[in-house]
Amino acid sequence: MIVIADSGSTKTDWLFINKHQRICIETPGIELFLQNSEKASKILTDCFLKQDFNSVFEVFFYGSNFEQSTINEAVHHILGNLFNRAEIHIENEILGAARSLLGHEKGIACILDTAADSGYYDGQTIAKKIPALGFLLGEGGSRSHLGMLFLKDYCDYEVPGDIKVLFEHELNIDMNEVFRLVFKGEYPLHYLSGLSEFLEKHRNHCYVRNLIKRNFSDFFVSNIKQYNGLQQHKVNFVGSVAYHYSELLEEVAIEKGIPLGKIIEKPMDGLELFHTK
C-alpha cells in the first residue's frame, strides 16, 4: 500500500491506496506537525485507527515551506514513527501540483489558494522557480492578496458605497481591530484570506469582479512574466482561487497573452494517477 498526502496549513488530505482499496482521510494540516510531535502522532494515529501501518511501503507527503530543513525534519520524524516500514518522501507542494497537473510533461505549474506559488516543471523536477513573496510583500493571485487589495481600497475610499455598507454591516468592522489582526495578530494570513469569503458572496458585483481580476493580473505580472524564455509553455493551475474564479482567470490570461492549460481545484486525483500508473 502507498500513502499520498496533500497538506495545507489547516488540513491534510490523505489517500491510502493499493490494488484492492482506496481510502480517503482528512486530518489537521501542517501546523499540527509543527506544534507538538507527540500530539501530532496521537491525533494522526486516532484518525488512522483502522489502517494497517505495516502494509504501507511508501509515503509521498506534499506540503508548503519544505525548503526549511527544520520543517522537513519534524514532519519526517512524525511520519517515520507512524509508517516505520515505509520509505518516506517529503516534497514541496509546488512539485505535487506539477505532478498532478502535468504528469511527466513540461510546463508551468501554479498554486492559487490561501497563498500563491509557481514553478517551471521539466517533466521530472521543478527546474526554475520564481520566489513567492509572501502576503506582506504582495503575493498576487492568493486569497490573502485579494483580502489585502480590498482592505487597501477600503482605506483609500475606493470601495463603492454599496459594497462598503455591506462590508461594515456583515463583518461588524472595527478598523483598529483590523489593523491589529493584520499587523500584530498571530495569523494575519488567515485573517486576510477570510475576507475573501465576503467577496465571494458578492462576486457578481462589478467592483468585486474587477478586484479579482486585479489579483490575477498582479500574479501574472510579478510571477509568470518572469519565466523568461519559457512563455511557449502552457500555464496550469491548482487551488480553490484559480478553480472558483476560472472564468476571470481565463479573461486575464487572454489579456496578457498567456497560454492556459489545466485548472483544477485539488491535486489528489492527479497525484494518484502519477504514483500508481
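I will try to describe carefully the structure that is included in this document.

Counting secondary structure elements, the protein contains twelve helices and ten strands. With the C-alpha coordinates of the protein rotated into their principal frame, the extents come out at 60 × 45 × 30 Å. Burial analysis of the protein (277 residues in total) assigns 49% to the buried set. One way to put it: in the protein the 27 positive side-chain charges average out to a point 3 Å from where the 37 negative ones average out.

Read across the open sheet, the five strands follow the order β3-β2-β1-β4-β5; overall the sheet is mixed. On the outer flanks of this sheet lie β3 (22–28) and β5 (87–92), each paired with one strand and no other. Neighbour to neighbour, the strand axes of the sheet diverge by 15 degrees on average, direction disregarded. Examined bridge by bridge, strand β2 (residues 11–17) and β3 share seven bridges and lie antiparallel to one another.

Attention shifts here to the packing of helix α9 (residues 206–222) against helix α11 (residues 246–256). As a packed pair, α9 and α11 sit with axes 9 Å apart at the nearest point and diverge in direction by 50 degrees. Taken together, the axes of α9 and α11 are oblique relative to one another. α11 is crossed by α9, and the crossing has right-handed handedness. Note on element contacts: α11 touches α9 through Glu 247, Leu 248, Leu 249, Glu 251, Val 252, Ala 253, Glu 255 and Lys 256, opposite Arg 209, Ile 212, Lys 213, Phe 216, Ser 217, Phe 220 and Val 221. When grouped by side-chain class, the residues that make up the contact of α9 with α11 number eight nonpolar, one polar and six charged.

Bringing the side chain of Arg 143 into the picture now. Take Arg 143: it is sitting in helix α5 (residues 143–155). We note that Arg 143 is buried and unpaired, the nearest opposite charge coming from Asp 113 at a distance of 4.3 Å. Within the structure, Arg 143 has its side chain in polar contact with the side chain of Ser 196 (distance 3.0 Å). Ignoring sequence-local partners within four residues, the contact set of Arg 143 consists of Asp 113, Thr 114, Leu 192, Ser 193, Ser 196, Ser 240 and Val 241.

Working definition: an aromatic ring pair is given by the centre-to-centre distance plus the angle between the planes. The tally for this structure, following the rule as stated, stands at 15 aromatic pairs. Considering the side-chain rings of Phe 150 and Phe 167, the 4.7 Å spacing of their centres and the 85 degrees angle between planes classify their relative orientation as edge-to-face. On the criterion of sequence distance, the pair formed by Phe 150 in helix α5 and Phe 167 in helix α6 (residues 161–171) is long-range, its members being 17 residues apart. Aromatic ring contacts, followed pair by pair, group Trp 14, Phe 16, Phe 48, Phe 53, Phe 61 and Phe 83 into a single cluster.

Right, let's get into the sheet that holds strand β9 (residues 235–238). Strand order in the open sheet formed by five strands is β8-β7-β6-β9-β10, with mixed pairing between adjacent strands. Two strands bound the open sheet, and with one partner strand each, they are β8 (126–128) and β10 (260–264). Neighbour-to-neighbour, the strand axes of the sheet open up by a mean angle of 35 degrees, direction not taken into account. In the sheet, β9 pairs with β10 via three bridges, with the strands oriented parallel. Looking across to β10, one finds that Val 235 is bridged to Leu 260.

The next point concerns the environment of Leu 44. Mapped onto the secondary structure, Leu 44 falls in helix α2 (residues 37–47). Not counting the four nearest positions on each side in its chain, Leu 44 is found in contact with Trp 14, Thr 27, Phe 33, Ile 78 and Leu 82.

Procedures and definitions
Residues numbered from 1 in each chain as written. Predicted model: local features only at pLDDT ≥ 70, side-chain atom pairs only at ≥ 80, totals over all residues. Heavy atoms only, no water. Helix = DSSP H or I, 4+ residues; strand = E, 2+ residues; numbered from the N terminus. Buried < 20%, exposed > 50% of the residue type's maximum accessible area, 1.4 Å probe, protein only. Lys, Arg positive; Asp, Glu negative; His and termini not counted. Charge placed at Lys NZ, Arg CZ, Asp CG, Glu CD. Pairing = 2+ DSSP bridges. Axes fitted to C-alpha atoms, helices over the stretch in contact; angles between N-to-C directions. Parallel < 35°, antiparallel > 145°, perpendicular 65-115°, else oblique. Left-handed = near helix turned anticlockwise from the far one by under 90°. Contact = heavy atoms within 4.5 Å. Nonpolar A, V, L, I, M, F, W, Y, C, P; charged D, E, K, R; others polar. Salt bridge = Lys/Arg side-chain N within 4 Å of Asp/Glu carboxyl O. Polar contact = N/O pair within 3.5 Å; in protein donor to acceptor, adjacent residues only side chain to side chain. Phe/Tyr/Trp six-rings, centres within 6.5 Å; stacked < 30°, edge-to-face > 60°.

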